[in-house]
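Architecture and fold: a report
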Amino acid sequence: MSDPVTGAFSKVVVDYENGWGTAKVTPGGFHIPITTLALAPSQTLIPNPTLTGDLSERDPAFGPIAATGNLVKVADLVSLPWFTNLLCGNLTGIGTTPNFIHTSIVSSTMPLSAIVETSWNLVTPQYSKAVGVRINTMTVPIDSTGFLTTTYALEAKTVGISTTAYNATPTDWTTSASTPFDGLQLNSADVKIGGSSVRSEERLVG
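Everything in this summary refers to the structure shown in the same document.

Analysis parameters
Residues numbered from 1 in each chain as written. Predicted model: local features only at pLDDT ≥ 70, side-chain atom pairs only at ≥ 80, totals over all residues. Heavy atoms only, no water. Helix = DSSP H or I, 4+ residues; strand = E, 2+ residues; numbered from the N terminus. Contact = heavy atoms within 4.5 Å. Patch = residues over 30% accessible without salt bridge, like charges linked within 9 Å, V, L, I, M, F, W, Y side chains within 5 Å. Areas by Shrake-Rupley, 256 points an atom, 1.4 Å probe, with all protein chains shown as cover. Salt bridge = Lys/Arg side-chain N within 4 Å of Asp/Glu carboxyl O. Buried < 20%, exposed > 50% of the residue type's maximum accessible area, 1.4 Å probe, protein only. Core = buried A, V, L, I, M, F, W, Y, C linked by side-chain atoms within 4.5 Å.

Points about the overall build of the protein chain
Helices and strands together make up the secondary structure of the protein chain, namely 1 helix and 14 strands. Long-range contacts, defined as pairs at least 24 residues apart, comprise 59% of the intrachain contacts of the protein chain with a sequence gap of at least 6.

Structure follows, in structure tokens:
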């Protein structure tokens, strides 16, 4: 009996693409901390309407491929700007390195796309790689207690399984001394509509 796959030993690597579904010539990527990831492919079958004089159904046709699922993670100072850039297609930052004040604005900028790869700790490692990934919706709960948990509803071009990693040595955003994981709490927030604040709270703090 083989050892079961343990989620605690799985890794998720993300990287921007050169274009939708087109990976970079030289893979980069970042190993990120997550809570859950459920990005999986599916394809519907379209029933064959042909009548042939008996009760046997004829082979169906393939419907469109869909690859959707949620990525849930505790927001941190390093990866949260990465995801807002993925969502909005733009990111500006001010402050000393690393920048702690970031702005992403929904505008006419085309959203970016990404590769999202999950590794499985099998005897022969397996990698589930989603390409052409974009954020459909981003959910940030308003809660004054606990960590700030963000949920990203992802849609991908496709998801495939491989025994070769996208990048076996990505930048580690979970334990690196230069970019330590720093989970955020939502002590307060500034919500704006049309550039005007609709609530009085002001900022995210680590």
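Some points on a nonpolar patch on the surface
Together, Ile94, Phe100 and Ile101 make up a nonpolar patch on the protein surface, roughly 320 Å² of accessible area in all. Structurally, the position occupied by isoleucine 94 is in strand β6 (residues 92–94). Residue isoleucine 94 is classed as exposed on the basis of its relative accessible area of 54%.

Considering the pattern of salt bridges
One pass over the structure, following the stated rule, counts 3 salt bridges. With its nearest N and O atoms 3.0 Å apart, the salt bridge here joins lysine 73 to aspartate 76. Considered together, lysine 73 and aspartate 76 belong to a single accessibility category, that of buried residues.

Quick look at the nonpolar core
Of all hydrophobic cores here, the largest spans 24 residues; its most connected members are Leu39, Trp82 and Phe83. Among the elements of the structure, β1 (11–16), β5 (61–74), α1 (79–88), β8 (114–120), β9 (126–139) and β10 (149–156) are those that each provide at least two residues to this core. Among the elements that line this core, the one with the most residues is α1, at 4 residues. Excluding anything up to four places from it in sequence, leucine 39 contacts Ala67, Thr68, Gly69, Val116, Ala130, Val133, Leu154, Ala156 and Val159.

What to know about the environment of proline 64
The topology assignment puts proline 64 in strand β5. Taking relative accessible area as the criterion, proline 64 reaches 63% and is therefore assigned exposed. Ignoring any residue separated from it by four or fewer positions in sequence, one finds proline 64 in contact with Ser42, Gln43 and Thr44.

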